[in-house]
Amino acid sequence: DGMNVLFIVVDDLRPVLGCYGDKLVKSPNIDQLASQSIVFSNAYAQQAVCAPSRVSFLTGRRPDTTRLYDFYSYWRVHAGNYSTMPQYFKENGYVTLSVGKVFHPGVSSNHSDDYPYSWSIPPFHPSTEKYENDKTCRGKDGKLYANLVCPVDVTEMPSGTLPDIQSTEEAIRLLNVMKTNKQKFFLAVGYHKPHIPLRYPQEFLKLYPLENITLAPDPWVPEKLPSVAYNPWTDIRQRDDVEALNVSFPYGPLPDGFQRQIRQSYYAAVSYLDMQVGLLLNALDDVGLSNSTIVVFTADHGWSLGEHGEWAKYSNFDVATRVPLMFYVPGMTTSSVSQGERVFPYLDPFSHILGLVPQGRSKKVVELVSLFSTLAELAGLQVPPACPETSFHVALCTEGASIVRYFNASEEKVEEEKDGCDDTYKCCNEEPVAFSQYPRPADTPQWNSDKPKLKDIRIMGYSMRTIDYRYTLWVQFNPNNFSANFEDVHAGELYMMETDPNQDYNIYNNTSHGVFFKKILG
């Protein structure tokens, strides 16, 4: 009765994975999961920064409803007492467990990861998390630094381990406890890497010789990029190794050689993450629960690796908003698994080159805000109702329609099913749309452009992504009453995917965009 849920969320992971067509990366365990899952190749976060994105998908509400655009407010106090996805599972008889970074820690989850509302027991945080930004990276001179690029000897690290290793161990321990107690569970596991600093066991560098690493395909700032759209990557500038390069603000650029090192370390960190995911899924096999557990794998947002002359998240481009998203549902995405059969044997990233083709792939444009209703439906719970236009007073509703309707249908079949869906969701009867947004303090890049505090927000960039285009409007925003004024447009962007997949050629100024404007207001 009712499947368990293993919900894996990764910090800052863009879809550089074999199952997403990346030819360089070694990600055999995530690819193996993909081969048994439905994989969404066009999934987008609602805001490309940790706390707002996580609160959005964990509550099933958009940032304009959670009113969290920074890190400094708790939605239950500041917006409305919204139920969360884990809370809903808990209220429906599940033991809910949090390991690692699931909610963003701090004010935005009430300094408790929203315990006890969301979780049955206090969330687990790795003890070595507190060293994350310390000087633990050995430089060429033998001294220790707080670098961006930080391959380490794990035996030299505090407690001889790293946070994600500890999270995997704790998640495996909890799986064994759940198995012993025969309890139905919702286990959320949040991995830190590839979040900066890019600190990972140094042996993973061997997988990526520097001569194989290229620059981004478009490492320049696009000529027609409005200055308000640019994020000046302030956080990486504060790392010792980047600071030493003395790069000009806001556009840089970073030296080519260092760009390649960042890209190399990002890939290495992804392979280190893949190893953790492989060990975790292998443990699910070990406890015999692979045939009764739904596995979701996603990220809170992406991360620019030099595209548009940008680094980090903090923008509305695909590189910052697009995420991996896959669902393994025994008996639905795979033929039913017999008890004790191994679905996820551990694959060593150093020896396995896996050419697995995903089980099912959907090109439908989907949003993370749909996770809540989707998981409720997959687990056989009642799907929370669609939110009314204003829902601050409504504890349980969702602003993202379930995407289970895309699971079984071949791409063609879904096209015909247009009328089978609930009208309360915008754009449902037309092509699917993903909405993202990003706040800015000013029209030109300044020290707080990446992460403006609520009181400093003056402009909101609302962005709409369909299969064919990305359309973004940067409009006047008043933080005192949370209102956006679409009559005061500061800048616009329009990219056509077919001819400009990397979003380098903004054609906003030479296109009539009345039709897009109507849609974004819709």
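Residues numbered from 1 in each chain as written. Predicted model: local features only at pLDDT ≥ 70, side-chain atom pairs only at ≥ 80, totals over all residues. Heavy atoms only, no water.

Going by an unreviewed UniProt entry, the chain carries the name Iduronate 2-sulfatase and comes from Oceanites oceanicus. Under the heading Sequence similarities (unreviewed entry), UniProt records this for the chain: "Belongs to the sulfatase family." Per UniProt, the chain carries the Subcellular location (unreviewed entry) text "Lysosome". (UniProt positions renumbered as here; feature names shortened; annotations may be inferred.)

Chemist: Explain helix 11 (residues 371-378) residue by residue, including any values.
Modeler: Buried residues dominate helix 11, accounting for seven of its eight residues. For helix 11, the complete set of buried residues consists of Leu-371, Phe-372, Ser-373, Thr-374, Leu-375, Ala-376 and Leu-378. Gly-380 occupies a position one or two residues after helix 11 and carries a positive phi of about 80°. (Buried < 20%, exposed > 50% of the residue type's maximum accessible area, 1.4 Å probe, protein only. Helix = DSSP H or I, 4+ residues; strand = E, 2+ residues; numbered from the N terminus.)

Chemist: So, the sheet that holds strand 3 (residues 95-100): which residues are in play, and what are the values?
Modeler: Taking strand neighbours across the sheet as the criterion, the seven strands line up as 3-7-1-9-12-2-13 in an open arrangement whose pairing is mixed. The outermost strands of the open sheet, each flanked by one partner alone, are strand 3 and strand 13 (360-367). Neighbouring strand axes in the sheet, compared pairwise and without regard to direction, differ in orientation by 15° on average. (Pairing = 2+ DSSP bridges. Axes fitted to C-alpha atoms, helices over the stretch in contact; angles between N-to-C directions.)

Chemist: I'd like a description of unusual backbone geometry, backed by residues and values.
Modeler: Here the residue pair Tyr-115 and Pro-116 is connected by a cis peptide bond, since its omega of 5° sits within 30 degrees of zero. Omega for the peptide link from Ile-196 to Pro-197 comes to -5°, which places this bond in the cis form. Structurally, Pro-197 can be placed in the loop between strand 7 (185-191) and strand 8 (198-201). We note that Asp-12 has phi near 65°; this positive angle belongs to a residue other than glycine. In this structure, Asp-12 sits in the loop between strand 1 (4-10) and helix 1 (28-34). Asp-12 gets classed as buried once you look at its relative accessible area, which sits at 0%. The phi dihedral of Asn-246 is positive, around 55°, even though this residue is not glycine. Among the secondary structure elements, Asn-246 is positioned in the loop between helix 8 (240-243) and helix 9 (256-286). Classification of Asn-246 as exposed rests on a relative accessible area of 68%.

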